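Coordinates in review
What follows is the residue order along each chain.
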Amino acid sequence: HIMLLKVKRLYLLFFVLFFPFLLSGQGENFVWVGGSGNWSDSLHWYSESGGIPSFIDNVIFNSSSFTDKYQTVTIDIPAECHNMNWSATSYEPILAGSESLEIGGSLTFAPVLIIDFTGSITFTAALPNHFIQSEGRIFKSHLTFDGSGAWNLMDQLDAGEKNIYFNKGTLNTNGNNINCRSFHSISAESRTIYLGISIVNVTGLNGIWDVGRSMVTIILTP
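In this text the structure is predicted, and so the values were computed from the model without any measurement. (Residues numbered from 1 in each chain as written. Predicted model: local features only at pLDDT ≥ 70, side-chain atom pairs only at ≥ 80, totals over all residues. Heavy atoms only, no water.)

Attention now goes to a nonpolar patch on the surface. Taken together, the side chains of Trp209, Ile218 and Leu220 make up a nonpolar region of the molecular surface, amounting to roughly 290 Å² of accessible area. Tracing the backbone shows isoleucine 218 in strand E22 (residues 216–219). (Patch = residues over 30% accessible without salt bridge, like charges linked within 9 Å, V, L, I, M, F, W, Y side chains within 5 Å. Areas by Shrake-Rupley, 256 points an atom, 1.4 Å probe, with all protein chains shown as cover. Salt bridge = Lys/Arg side-chain N within 4 Å of Asp/Glu carboxyl O. Helix = DSSP H or I, 4+ residues; strand = E, 2+ residues; numbered from the N terminus.)

With that settled, the discussion passes to the nonpolar core. Among the nonpolar cores identified, the biggest contains 41 residues, and Phe61 and Trp86 are the most heavily contacted of them. Sort the elements by how many residues they give to this core and strand E14 (residues 143–153) lands first, with 4 residues. When residues no more than four places from it in sequence are discounted, the contact partners of tryptophan 86 are Phe61, Phe66, Val73, Pro93, Leu95, Thr108, Phe109, Ala110 and Leu113. (Core = buried A, V, L, I, M, F, W, Y, C linked by side-chain atoms within 4.5 Å. Buried < 20%, exposed > 50% of the residue type's maximum accessible area, 1.4 Å probe, protein only. Contact = heavy atoms within 4.5 Å.)

What links the strands of a sheet is backbone hydrogen bonding, and the strands pair in either a parallel or an antiparallel sense. A sheet is described by the order of its strands in space; here 4 strands give the open sequence E2-E5-E8-E11, paired in parallel fashion. Where the open sheet ends on each side, the last strands, each with one partner, are strand E2 (37–38) and strand E11 (114–115). In this structure, strand E5 (residues 72–75) lies alongside strand E8 (residues 94–97), joined through 4 bridges in parallel fashion. When the bridges of E8 are listed, isoleucine 75 appears paired with glycine 97. (Pairing = 2+ DSSP bridges.)

You can see alanine 150 is positioned in strand E14. In the structure, alanine 150 is positioned 21 residues away from leucine 171 in sequence and 5.8 Å away in space, judged by C-alpha atoms. The residues contacting alanine 150, other than those within four sequence positions of it, are Leu127, Pro128, Asn129, His130 and Thr170.

What follows deals with the pattern of salt bridges. Between side chains of opposite charge, a pair can form as their charged atoms come close. Counting across every chain of the model gives 2 salt bridges. The salt bridge partner of glutamate 92 is lysine 69, with a shortest N-O separation of 3.4 Å. Of this pair, glutamate 92 sits in the loop between strand E7 (84–85) and E8 while lysine 69 sits in the loop between strand E4 (58–60) and E5; the two residues are 23 residues apart in sequence, bridging distant segments of the chain. Judged by its relative accessible area of 45%, lysine 69 falls in the partly exposed class. Of the charged contacts in the structure, one is a salt bridge between aspartate 116 and lysine 140, with a shortest N-O distance of 3.3 Å. Taken together, the residues aspartate 116 in the loop between E11 and strand E12 (121–123) and lysine 140 in the loop between strand E13 (130–133) and E14 connect sequence positions 24 residues apart. Judged by its relative accessible area of 36%, lysine 140 is partly exposed.

We now examine the pairing of strand E1 (residues 29–32). Taken together, the 3 bridges between E1 and E4 define a ladder with parallel strand orientation. Within E4, the position partnered with valine 31 by the bridge is isoleucine 60. Where E1 and strand E3 (residues 45–46) come together, 2 bridges link them in antiparallel fashion. Bridging across to E3, tryptophan 32 finds its partner in tryptophan 45.

The next thing to look at is the packing of aromatic side chains. This model, assessed by the stated rule, comprises 12 aromatic pairs. Between the aromatic rings of phenylalanine 66 and tryptophan 86, the centroid separation amounts to 6.3 Å while the plane-to-plane angle is 5°, which identifies the pairing as stacked. Of the two residues, phenylalanine 66 sits in the loop between E4 and E5 while tryptophan 86 sits in the loop between E7 and E8, which places them 20 residues apart along the sequence. Take phenylalanine 66 and tryptophan 86: they sit in the same class, and that class is buried. Ring plane angle 25° and centroid distance 4.9 Å describe the contact between phenylalanine 183 and tryptophan 209, whose orientation is recorded as stacked. Residue phenylalanine 183 is located in strand E18 (residues 183–185), and its partner tryptophan 209 is located in strand E21 (residues 209–211); the two are separated by 26 residues in the primary sequence. Overall, tryptophan 209 belongs to the partly exposed group, its relative accessible area being 40%. (Phe/Tyr/Trp six-rings, centres within 6.5 Å; stacked < 30°, edge-to-face > 60°.)

On to the sheet that holds strand E20 (residues 200–202), then. Pairing is parallel across the open sheet formed by 3 strands, whose spatial order is E15-E17-E20. Pairing within the sheet leaves two strands with one partner each, and these edge strands are strand E15 (157–158) and E20. Bridging between strand E17 (residues 178–180) and E20 involves 3 bridges; their strand directions are parallel. If you follow asparagine 179 over to E20, its bridge partner there is asparagine 201.

Pasting the structure below:
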């Protein structure tokens, strides 16, 4: 019994020490299927393991995801994923809901996507070389950059009447413009903005460009 107890303790210690590394491993691809539905419904996700996506999993919306125009994906719970990719989708799907969305990697929209989603979107990448390609879509969400990684804008980032909060990491605009109600970057975290020739349009009635001096580097050269 004493030996069995020691083995159990060693197993528990191994699990505690290495569980974070297991979680940080490569995730799966979760493909949306079945047209309109809620993010929380596992029947709308096709993957090897089943369930719904976690923060290490990629979510994909493709030509098999929808069967008619205006079918809707509703984010009805706080949602998370690694990469989100709509580039191969067809018809004119709608992204809706008001819960939060956390993206740990890259985001790719499609020109046919209709954005009705109003929940907050937080980008939390911890590594470089991630990107955001919005394909002319206008966000209806406050956007927050809150990871130690880096994001490259592949086209214009338009937050419409919502705010952008750049709290951490590196943002490279690649010469693409940014539209938002207000732009805030006042955290105590280290962060760098490569603006190049980009223009940041602050369009809110009481909108502001609020960039603190602490720990921020703004690079204006192309």
